[in-house]
Structures are given as structure tokens and as C-alpha cells.
Amino acid sequence: MKCYIRNETKDTSLKEYYPLIRSYFKKAFKVLDMQGNYEITLILTDPENIQKINREYRHIDKVTDVISFAEIDGEDFDYHDDDVIYLGDIFINIERVKLQAEEYKHSIKREFVFLFIHGLLHCLGYDHMVKEDEIVMIEKQKMIIGELE
């Protein structure tokens, strides 16, 4: 299992959390009781780029915190033991990580992990478009993140 991280900004302040992100990537599969050789790419970006992505792919012309692009959309995760399953790409706006941590009065570490797990769950097929699905997704996030401050 691999989590590739690419920082497209000049801000390296979140680099210290990369090992934590990778550990939560692995933890998510244990909590969800999923077996397999999964890979994902996390791209750290700025507000301008995430707004461009949001406008181009979601037709919403505004800045957001996280956007996910699932490689396997709406399909079962059927695999063979040696297969690598590429889940997709998660884009996180690093300025929003810092702003939302302050706004919600918790650590940057917790906000960064939260946004990553939120994006990962989207890549695994979870969504929050309807209330019932939102409840399931929130519960999965809580189970994975736990008591992280």
C-alpha cells in the first residue's frame, strides 16, 4: 500500500505530517476491514488551483478544501492478491487546512488528516449527497480518525 504525496505549492509547512497521512491511509483499510494492495495520490495545492479544478470538473466556481477523483467509480473493488488497485487522486487546499483548523479550534494535524480521510472515503465510493449516505460517511470518518487532536 502506497500513498504518494505531491506538493504543488512552495509551502512546505505540512511536510512533517506526511508520515501521519500515510499511517492513516493504512489505518483506514484496517478499520474498514478491506484487504488489498491500494495506492492513492495526494496533491497539495493552493486556492487558485483548487478553484480551477472545481470549476472545470464540478462546474462550481469557488474555492473548496478537498476534491477527490476516484479511479474506480461505482465499481466493486474486485482484485487478485498481487494486483495494485489505484484509487485515484485527492487534492487538498493547504491554505484551507490552516484556516479550518483555526475556525474549528483544533490542530492543523487533525484538519489535514480529516480532509485526507474524507477524500479517501470518496475514492472508496462513499458520498454525502443524501442524508443517509452522509450519516454513514461521517461515522466511517470518526471510526478512522478517532480521537486525533
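Just above sits the structure.
A brief look at the structure comes next. Because the structure is a prediction, the values reported are computed rather than measured.

What follows covers the packing of helix H3 (residues 94-103) against helix H4 (residues 108-123). Contact pair H3 / H4: the axes reach a minimum separation of 8 Å and the direction vectors enclose 120°. When the interaxial angle is binned, H3 and H4 end up oblique. Here H3 and H4 pass one another in a crossing that is right-handed. Mapping the contact onto sequence places Val97, Lys98, Gln100 and Ala101 in H3 and Ile108, Glu111, Phe112 and Leu115 in H4. Classifying every residue of the contact of H3 with H4 gives five nonpolar, one polar and two charged.

Residues Ile94, Val97, Gln100 and Ala101 constitute the buried set of H3. Angular distribution of buried residues about the axis of H3 spans 120°; they occupy a single face of the element. Facing away from the buried side of H3 by over 90 degrees, the exposed positions are Leu99, Glu102 and Glu103. The inward-facing, buried residues of H3 contact strand S2 (37-45), strand S4 (84-93) and H4. The N-capping residue of H3, defined by a side-chain oxygen 3.1 Å from the backbone nitrogen of Glu95, is Asn93. Positioned one or two residues after H3, Lys105 has a phi angle of 60°, which is positive.

Thresholds applied
All residue numbers refer to position in the chain's written sequence, counted from 1. Predicted model: local features are reported for residues with pLDDT of at least 70 only, side-chain atom pairs are reported and counted for 80 or more only, and whole-chain, interface and lining totals are derived from all residues. Values shown for side chains rest on all heavy atoms present in the structure; no hydrogens or waters enter the calculation. Interaxial angles span 0 to 180 degrees and are taken between N-to-C directions of axes, which are lines fitted to C-alpha atoms, for helices over the stretch in contact. Each helix is a run of DSSP H or I of at least 4 residues and each strand a run of E of at least 2, with the numbering of both proceeding from the N terminus. Here roughly perpendicular refers to angles of 65 to 115 degrees, roughly parallel to angles under 35, roughly antiparallel to angles over 145, and oblique to all remaining angles. The handedness criterion is simple: a crossing whose near helix is rotated anticlockwise from the far helix by less than a right angle is left-handed, and one whose near helix is rotated clockwise is right-handed. Note on definitions: a residue-residue contact is assigned when non-hydrogen atoms from the two residues lie within 4.5 Å. When residues are grouped by polarity, Ala, Val, Leu, Ile, Met, Phe, Trp, Tyr, Cys and Pro land in nonpolar, Asp, Glu, Lys and Arg in charged, and all others, Gly among them, in polar. Residue exposure (1.4 Å probe, protein chains only): buried if accessible area is under 20% of the type maximum, exposed if over 50%, otherwise partly exposed. Arc definition: directions from the helix axis to the C-beta atoms. Here a polar contact is taken to be a pair of N or O atoms separated by no more than 3.5 Å, where protein atoms must pair a possible hydrogen donor with a possible acceptor and residues adjacent in sequence count only if both atoms sit in side chains.

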